[in-house]
Amino acid sequence: YYKQSFNLEVAGVPHIFGFGGLHGAPDKPIHRKGAIYHVDVNNYYPSMLIAWDLVARSATNDNYAKVYKIRKALKMKQLAAKTREEAKMYKRMQDPYKLMLNGLSGAMKDKHNPAYDPRNNNIMCINGQLMLLDLIEHLEAIDGFELLQSNTDGLIVQIPDTDEAFQQLDDICYEWESRCSTEKCEIGLATDQIAEIYQKDVNNYLWIDLDGGIERKGSYVKEQSPLDYDLPIVNEAITEYMAHKIPVEKTINNCNELIKFQKVVKLSAKYEYVEHNGERLTYKCYRVFASKNPNDGQILKCKHAKRRYRIDPDTGFCYDTDETYLKKDKFGLTPDHCFIENSDVREMPIPEVLDRRWYIDLAKKRLGDYGICVK
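What counts as what
Residues numbered from 1 in each chain as written. Predicted model: local features only at pLDDT ≥ 70, side-chain atom pairs only at ≥ 80, totals over all residues. Heavy atoms only, no water. Helix = DSSP H or I, 4+ residues; strand = E, 2+ residues; numbered from the N terminus. Polar contact = N/O pair within 3.5 Å; in protein donor to acceptor, adjacent residues only side chain to side chain. Contact = heavy atoms within 4.5 Å. Pairing = 2+ DSSP bridges. Axes fitted to C-alpha atoms, helices over the stretch in contact; angles between N-to-C directions. Buried < 20%, exposed > 50% of the residue type's maximum accessible area, 1.4 Å probe, protein only.

## A few points about the side chain of Q149
- For Q149, the position within the fold is in strand β5 (residues 146-151).
- There is a polar contact of 2.8 Å between the side chain of Q149 and the side chain of Q199.
- In this structure, Q149 is in contact with G24, G154, L155, I156, Q199, V202 and Y205, ignoring residues within four places of it in sequence.

The following block contains the structure:
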């Protein structure tokens, strides 16, 4: 039931309505400058839960609303902050409250959670999408309006760069807030202008704020943490090209941190061991680096598998068989020539054998996925 979805073209853009939320974006990558706005619903699901009395029906107090008010007060302090550092501090202070507020949505779908209430969760999810659809349909009244992206809690739109068009946008957003809010909670919109946006699809994009700040989402451009530090130099090269037009060759060739070139692979339970350069390895995790040495081979994951059938080369007939054979598969997104370094690489100098060209080519290929052709 929950796997069902509904496909519909809205404002000339393919959309999917489903229990995972609303998603829509042009079917081709885009790069835009101009009067672009991120129209975001503030705390959409938590606001709806309070405004429309959809907090889990097992709740016996108003603690959820209290947490909501605390986070909102911290948000106002963040917006009023005089320095970027002060704003970041108030944003960090919101994190535990944000986790609590957003956590209820998941809990309402968990059969083993005291907050289990799929009825109210479905009402919230479905009506949230219909309310955004209503917003899009009203915004279409603006001459020259173009929808760049719809997501579960907001839109990215482009309008003509005129005072009249912006005033229309502002008025439509205000009217939408008035229709959707209740006495119990305001459902508000934040309208922030974007200077430039690169978008691969609804889940992969990078935009640049008017003040030069960067917002990014998706595996190609996200800012990585120590827990998912995988090919960070490629992400950095792509981001620097989009944000500052710095050639990927410059970013990659000027980097002297070996750790930024690592590709981390992990042997799953489906495989027995790893093979590299004819040597059998039994570690679970490996730091892999592209190599210029033609004698360095692929890193392979190996297991013994059953051959389900065999084709007789003389007759062409297919026979069932219980034979086993050694199955070797290359780890995804690893070079054909690579070396492994599983010791601490944080202070390790970059060896001459590192093939920077492989990373440059990968960065350019990923830029191509964004519709950017780089020679």
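Here the narrative resumes, following the displayed structure.
## Description of the pairing of strand β9 (residues 214-217)
- Two elements, strand β8 (residues 204-209) and β9, share four bridges in a ladder whose sense is antiparallel. Bridge pairing in β9 links W207 to E215.
- Counting the residues between successive antiparallel strands, the hairpin from β8 to β9 contains four residues, one of them, G212, with a positive phi of roughly 95°.

## Here's the deal with the sheet that holds strand β10 (residues 263-266)
- With antiparallel pairing, three strands are arranged side by side in an open sheet as β10-β13-β18. Every other strand in the sheet has two partners, leaving β10 and β18 (338-340) as the edge strands with one partner each. Within this sheet the neighbouring strands show an average axis-to-axis angle of 35°, counted without direction.
- Of the pairings in the sheet, the one linking β10 to strand β13 (residues 285-290) comprises four bridges and is antiparallel in character. Within β13, the position partnered with V265 by the bridge is Y286.

## Structural notes on the pairing of strand β6 (residues 154-158)
- Taking burial as the measure, the five residues of β6 include five buried ones, the bulk of the element.
- Here β6 shows no split at all, with G154, I156 and Q158 on one side and L155 and V157 on the other all buried.
- The pairing of strand β4 (residues 30-41) with β6 spans five bridges and is classified as antiparallel. Looking at β6, one finds that Y37 is bridged to V157.
- The pairing of β5 with β6 spans five bridges and is classified as antiparallel. Along β6, the bridge assignment pairs Q149 with I156.
- Counted between consecutive antiparallel strands, the loop separating β5 from β6 contains two residues.

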